[in-house]
Every structure is written in C-alpha cells, then in structure tokens.
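Observations on chain architecture
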Amino acid sequence: MQLFTLEDHRRVVAGEFRVTFRLWKSAHVKKDAVYPTGFGGSYRIFDVRVVQAGSLTDNDAWSAGSPSKAALLARVGAHTKAKVTSTTKAICGERHWAQ
C-alpha cells in the first residue's frame, strides 16, 4: 500500500501539512534522513516520536492534513486495518519536501 497519494504529495509541497502519523511497531524513518517521494523530489525527516492516540488533538489532525482528530484516527487505522483506541501508540513524523 502506498503511504502517500499524489494528492497527499501535492499538499505537502504546497505546505498544507508536514506531520504524518502511522501505526508502525517501530519507526520506518529516521530523523534527519532524506527519502525519495516517488513523485519527484524528496522528504527530509525533522522529527520522529511515539505518541498515544488519546493525546492527539484536532490541532494535531490539522497539522497532518486531516479535518479532525476522528478523521485522522480513522485514516491511520485504515492503513493497517487496526482499531485505534486512546492507548494505541503511533509514530509521528514531521517532514518537509525538498527538491
């Protein structure tokens, strides 16, 4: 499954969001690393941390490009087909597009 769609990539390039949440058992990205996008250019990872789903807010959702916390958790859970609860741990990665 592709993690980012072309539309997601366009929104990242436009600066609409820079944070991603994933239900990985461990981080698949590393701080300060650069990864190709698959659409041209690359993403530089600025921060990677573990957060609990219950601690996320609507502001966190907005920073990840989702309209609400509920929408963010639904999208995160859909990626792995997992039920997300308040104690579910997620990997939070902040990245920026680099040409």
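These remarks concern the structure in this document. Quick caveat: nothing in here was measured; it's all calculated off a predicted structure.

1. Describing the nonpolar core
Residues Phe21, Val51, Leu56, Leu72, Val76 and Cys92 are the most contacted members of the largest nonpolar core, which totals 13 residues. Contributions of two or more residues to this core are made by strand S1 (19–22), helix H3 (69–80) and strand S4 (89–98). Ranked by residue count, the leading element in this core is H3, at 3 residues. When residues no more than four places from it in sequence are discounted, the contact partners of Phe21 are Val51, Leu56, Asp60, Ala64, Leu72, Val76, Ile91 and Cys92.

2. Comments concerning the pattern of salt bridges
Overall, the coordinates contain 3 salt bridges when judged by the stated rule. Here Arg75 and Asp8 are joined by a salt bridge, their closest N and O atoms 2.6 Å apart. Linking Arg75 in helix H3 with Asp8 in helix H1 (residues 6–13), this pair joins segments that are 67 residues apart in sequence. Given the relative accessible area of 5%, Asp8 is considered buried. Linking Arg11 and Glu16 is a salt bridge whose minimum nitrogen-to-oxygen distance equals 2.9 Å.

Thresholds applied
Residues numbered from 1 in each chain as written. Predicted model: local features only at pLDDT ≥ 70, side-chain atom pairs only at ≥ 80, totals over all residues. Heavy atoms only, no water. Core = buried A, V, L, I, M, F, W, Y, C linked by side-chain atoms within 4.5 Å. Buried < 20%, exposed > 50% of the residue type's maximum accessible area, 1.4 Å probe, protein only. Helix = DSSP H or I, 4+ residues; strand = E, 2+ residues; numbered from the N terminus. Contact = heavy atoms within 4.5 Å. Salt bridge = Lys/Arg side-chain N within 4 Å of Asp/Glu carboxyl O.

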